[in-house]
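Observations on the three-dimensional arrangement
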2 protein chains.
Amino acid sequence: MRAADEAFASGGPTVSMDEIAGAAGVGVGTLYRHFPTKEALFVAVVSHHLSLLCDEVETLRDASDPGAAFYDLLDRMVQEATDKRDLIDALSRAGIDPSDGVGEVKERLHAAVGALFARAKQTGAVRDDLGVDELLSLLMGTCTAMCQVDADQAARARMMAVIFDGLRPPTAPRHSASRR
Amino acid sequence: MRAADEAFASGGPTVSMDEIAGAAGVGVGTLYRHFPTKEALFVAVVSHHLSLLCDEVETLRDASDPGAAFYDLLDRMVQEATDKRDLIDALSRAGIDPSDGVGEVKERLHAAVGALFARAKQTGAVRDDLGVDELLSLLMGTCTAMCQVDADQAARARMMAVIFDGLRPPTAPRHSASRR
DNA sequence: AAGAATACGGAACGTCGGTTCCGGTTGTCA
DNA sequence: TGACAACCGGAACCGACGTTCCGTATTCTT
């Protein structure tokens, strides 16, 4: 059942309950017997994904090379989120809506990524003027950017290179983006 | 009338026609007398914005310092797109849907940005391994990322710094983002 | 094996938003 | 000044979608 639900999530949060039910081979009534509302179903699927992601990140927490592990993680996250479009919405919701059930999982992800992020900073692999929130937001943005150029793998690699290079410690203060 | 339409666009493409009409101080019927469909209205607004943006970019085409002009432009675009949420959808549509009326304006924007981009490359202000499509997609992603951290101007500046530093020519080949 | 309780599928309902259409109004021309 | 025409506002229509409900199937119990 969850398997069919994942299939739903790939289409984004706009698919109708009928379609989800159809994909799962059940009636809509069955869906509502397991989840009180569509929102709840979406949250469940999203939380599940985020939870898996958390496990992965927590595994990397004590990696011997935090920098490499960090960039590897980013690469994988973006790669995965590009396929599963719902993960993007997941991340975006994680940043926006602290009320619903995603909130707790978001905390976990935040903490796990934060830990790895901090270690990577210590080794000088990433710049130290960036917060976890900003990192996650950037990551989210990158994912949506990736969804634009569906096919071209090379283009994606170039875009990732931009982000990665930007995350490294700047060799020298070169530009200020401040305004107002 | 257009003025009121812009007000609509700020709320994203999901606002109802009734709300738009209300904001414009007219009835829905009037809206439909000027635009055959909601989609058309949206396209009109978006095209208008993109058109203005094109004018701006084309002005910068022959700037004495293409690099500075380029980064200044990015800064302004992101800043503006953060306020006007519809511009994000505009950029995203520009990348995705070549069928509707936005297509032509997208060509113009593509060409104008491409020209400035090329000149900035020549002066060594930006890396030369990136295409215009990738740049625009990245820009779009950055905008959506910005919309996450609504308030904090400092956070936005840090995120922009990441993007900007990533766009500069890498000092040395340091990391490969390829996979698969 | 029979009855009850639970689960199931899908038809039915209410709401919401895009689109259409009709009655009123304003401006124009003779 | 009176009739005609264009325009306007908003009520009415229609389809889509989330949600609910009921008749039926299935399984568990004794």
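Our structure is the block above this text.
Quick summary incoming for the structure in this document. (Residues numbered from 1 in each chain as written. Chains lettered and ligands numbered in written order. Predicted model: local features only at pLDDT ≥ 70, side-chain atom pairs only at ≥ 80, totals over all residues. Heavy atoms only, no water.)

Taken together, 14 residues lie near DNA strand D, and A:Met17, A:Thr37, A:Lys38, B:Gly29 and B:Thr30 sit nearest. By atom count, sugar and phosphate contribute 58% of the portion of DNA strand D lying within 4 Å of the protein. A:Lys38 is positioned such that a nitrogen or oxygen atom in its side chain is 2.4 Å from a phosphate oxygen of DNA strand D. Side-chain polar atom of B:Thr30 to a phosphate oxygen of DNA strand D: 2.5 Å apart, as the coordinates give it. Secondary-structure elements contributing two or more residues to the surface near DNA strand D are helix 3 (28-34) of chain A together with helix 3 (28-34) of chain B. (Near = heavy atom within 4 Å. Polar contact = N/O pair within 3.5 Å; in protein donor to acceptor, adjacent residues only side chain to side chain. Helix = DSSP H or I, 4+ residues; strand = E, 2+ residues; numbered from the N terminus.)

On to the protein's contact with DNA strand C, then. Residues in close proximity to DNA strand C total 15 residues, the closest being A:Thr30, B:Met17, B:Tyr32, B:Thr37 and B:Lys38. The sugar-phosphate portion of DNA strand C accounts for 61% of its atoms within 4 Å of the protein, the bases making up the rest. Taking A:Thr30, its side chain carries an N or O atom lying 2.4 Å from a phosphate oxygen of DNA strand C. B:Thr37 is positioned with one of its side-chain polar atoms (N or O) 2.7 Å from a phosphate oxygen of DNA strand C. Here the element with the most residues in the surface near DNA strand C is helix 3 of chain A; it accounts for 5 residues. Within the surface near DNA strand C, the residues separate by chemical class into 6 nonpolar, 7 polar and 2 charged. (Nonpolar A, V, L, I, M, F, W, Y, C, P; charged D, E, K, R; others polar.)

Bringing the environment of B:Met1 into the picture now. Residues and elements named next belong to chain B. The residue Met-1 is located in the segment before helix 1 (2-9) in this model. Each C-alpha atom of the pair Met-1 and Val-26 lies 9.0 Å from the other, and the pair is 25 residues apart in sequence. In this structure, Met-1 is in contact with Thr-30 and His-34, ignoring residues within four places of it in sequence. (Contact = heavy atoms within 4.5 Å.)

As far as function goes, none of this settles anything; it's purely spatial.
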